[in-house]
Amino acid sequence: GQAGGYKLMVEDRGDLGPEGLEEQAQALIAAMRKDPRLGSPFTVYRADIPQLYVDVDRTRCKQMGVALADVFDTLNVNLGGLYVNQFNRFGRVWQVNVQADAPFRMTPDTVRELQVRNDRGAMVRLGSVARVEDSAGPVVVQRYNMYAAAPITGNLTPGTSTGDGMAAIDALSRTALNPKRTGTEWTELFY
């Protein structure tokens, strides 16, 4: 029979790391795109999404009278946002959420300037109790069979049977991927 959408997981079975997993997934996608039966495969996995790395110095927090929970709350509110309450206006219910404006949470320097209150009521710069630097990595690491995995999704072209599509992708997987460090598994409908 014919099935439209397929999903294949490329698994990191040999400690490739995020960048290596993305390279392997992209190598398989490049090979798959040469076969017109396999449509336009893609992956949402990216190993280099810009991020901020924050290393909280717990000893320094204790010396300065800053509670760890307050450091994490400050980061959460300013970088991730926090629901405060709601109010009624114009016949609708509105949510109040707080978050630092984009220019004040985009770089390590601006995050270091955020303030947290210590146990004496004084405001302490976050940079005084934490190291903040630019970083990169995947936003989400999916796991499949306990391995870090990158999903490849696509649609078989009309007239391509499920069996033919799966066989073609399996054959490409054996030649495009490093067999000692990666593996593939079918998931969702093709499982």
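Relevant structure appears above.
Presented here is a report on the structure given in the accompanying data block. In every chain, residue numbers begin from 1 and rise along the written sequence. Residue-level local features of this predicted model are given only where pLDDT is at least 70; pairs of side-chain atoms are given and counted only at 80 or more, and the full residue set underlies all totals for whole chains, interfaces and linings. Water and hydrogen atoms play no part in the side-chain values, which are based on all heavy atoms of the structure.

**Quick notes on the overall build of the chain**
Item 1. Secondary structure elements are defined from DSSP: runs of H or I of at least 4 residues count as helices, runs of E of at least 2 residues count as strands, and each element is numbered from the N terminus. When its secondary structure is counted, the chain shows 5 helices and 10 strands.
Item 2. The globule rule is 2.2 Å times the number of residues to the power 0.38, and the radius of gyration it is compared with is taken over C-alpha atoms. Compactness check: the chain gives a C-alpha radius of gyration of 24 Å against a globular reference of 16 Å for 191 residues, more than 25% above the reference.
Item 3. Put simply, of all contacts in the chain between residues at least 6 apart along the chain, 72% involve residues at least 24 apart.
Item 4. In the chain, 21 side chains carry a positive charge and 22 a negative one; their mean positions are 3 Å apart. We call two residues contacting when some pair of their heavy atoms lies within 4.5 Å. Charged residues are defined narrowly, with Lys and Arg counted positive, Asp and Glu counted negative, and His plus the chain ends left uncounted. Charge positions are represented by NZ for Lys, CZ for Arg, CG for Asp and CD for Glu.

**With respect to unusual backbone geometry**
Negative phi is the rule for most residues except glycine; trans is the rule for most peptide bonds.
Item 1. Positive phi outside glycine occurs at D15, with the angle close to 55°.
Item 2. Within the secondary structure layout, D15 lies in the loop between strand 1 (5-12) and helix 1 (17-32).
Item 3. Residue D15 is classed as exposed on the basis of its relative accessible area, which comes to 72%.
Item 4. We note that N145 has phi near 55°; this positive angle belongs to a residue other than glycine.
Item 5. Looking at the secondary structure, you find N145 in the loop between strand 8 (142-144) and strand 9 (147-155).
Item 6. Note on N145: relative accessible area 45%, which makes it partly exposed. Only protein chains enter the area calculation, which uses a 1.4 Å probe; residues under 20% of their type maximum are buried, those over 50% are exposed, and those in between are partly exposed.

**Some details on the layout of surface pockets**
Item 1. Cavities and pockets are found on a 1 Å grid laid over the protein atoms alone: a cavity is a set of points where a 1.4 Å probe fits but cannot escape, a pocket is an open set with protein on both sides within 12 Å along at least five of seven lines, and a lining residue has an atom within 4 Å of such a point. Grid points are joined across faces, edges and corners, and a volume is the space filled by probe spheres set on the points. Here the largest pocket is characterised by a volume of approximately 160 Å³.
Item 2. Along the walls of the largest pocket sit V44, Y45, R46, I49, V139, V140, Q142, A149 and P151, which together make up its complete lining.
Item 3. Residues are sorted three ways: Asp, Glu, Lys and Arg are charged, Ala, Val, Leu, Ile, Met, Phe, Trp, Tyr, Cys and Pro are nonpolar, and all the rest, Gly among them, are polar. Grouping the amino acids of the lining of the largest pocket by side-chain chemistry returns 7 nonpolar, 1 polar and 1 charged.

**Section: the sheet that holds strand 1**
Two modes of strand pairing occur in sheets, parallel and antiparallel, and in both the strands are linked by backbone hydrogen bonds.
Item 1. As summarised here, the arrangement of the 4 strands in space is 8-9-1-10, forming an open sheet in which the pairing is antiparallel. Both outer strands of the open sheet, strand 8 and strand 10 (182-186), are each paired with one neighbouring strand and no more. Between one strand and the next, the sheet's axes are offset by a mean angle of 45°, whatever the strand orientation.
Item 2. Criterion used throughout: strands pair if DSSP finds at least two bridges between them. As paired strands, strand 1 and strand 9 are joined by 7 bridges and run antiparallel to one another. Bridging from a neighbouring strand, Y6 pairs with G154 of strand 9.
Item 3. The strands that helix 1 touches are strand 1, strand 9 and strand 10; relative to strand 1, the one it contacts most, it runs at about 140°.
Item 4. Contacts from helix 5 (residues 162-176) reach strand 1 and strand 10, with the element oriented near 170° to strand 10. A fitted line through C-alpha atoms serves as each axis, taken over the contacting stretch for helices, and the angle formed by two N-to-C directions is quoted from 0 to 180°.

**Notes on the environment of P158**
Item 1. On the secondary structure map, P158 appears in the loop between strand 9 and helix 5.
Item 2. A relative accessible area of 76% means that P158 is categorised as exposed.

**Points about the pattern of salt bridges**
Oppositely charged side chains may form a pair once their charged atoms are brought near each other.
Item 1. Here, a salt bridge means any Lys or Arg side-chain nitrogen found within 4 Å of an Asp or Glu carboxyl oxygen. Summed over all chains, the structure comprises 9 salt bridges.
Item 2. The closest approach of N and O atoms between R120 and D119, which form a salt bridge, is 3.2 Å.
Item 3. Close ionic contact of E133 with R131 constitutes a salt bridge, the shortest N to O distance being 2.7 Å.
Item 4. It is possible to trace a salt-bridge network through shared partners that takes in E11, R13 and E185.

**A closer look at the packing of aromatic side chains**
Here a ring pair, both rings aromatic, is described through the centre-centre distance and the interplanar angle of the planes.
Item 1. Here is the rule: rings of Phe, Tyr and Trp (six-membered ring for Trp) pair when centre to centre is within 6.5 Å. Planes less than 30 degrees apart are stacked, more than 60 are edge-to-face, and the remainder are tilted. Per the stated rule, a full pass over the model turns up 2 aromatic pairs.
Item 2. On the basis of an interplanar angle of 65° and a centroid distance of 6.2 Å, the ring pair of Y6 and F190 is categorised as edge-to-face. Of this pair, Y6 sits in strand 1 while F190 sits in the segment after strand 10, and the two are 184 residues apart along the sequence. F190 shares its class with Y6; the two are buried.
Item 3. Following the ring pairs from residue to residue traces out a cluster consisting of Y6, W186 and F190.

**Focus on the nonpolar core**
Item 1. One finds Y6, L28, M32, L38, I152, I169 and W186 to be the most contacted residues of the largest nonpolar core, which totals 23 residues.
Item 2. Listing elements by their share of this core, those giving two or more residues are strand 1, helix 1, strand 9 and helix 5.
Item 3. Ranked by residues supplied to this core, first place goes to helix 1 with 6 residues.
Item 4. Ignoring any residue separated from it by four or fewer positions in sequence, one finds W186 in contact with Y6, K7, L8, Y144, M166, I169, D170 and Y191. Think of a nonpolar core as a cluster: buried Ala, Val, Leu, Ile, Met, Phe, Trp, Tyr and Cys residues, connected wherever their side-chain atoms sit within 4.5 Å.

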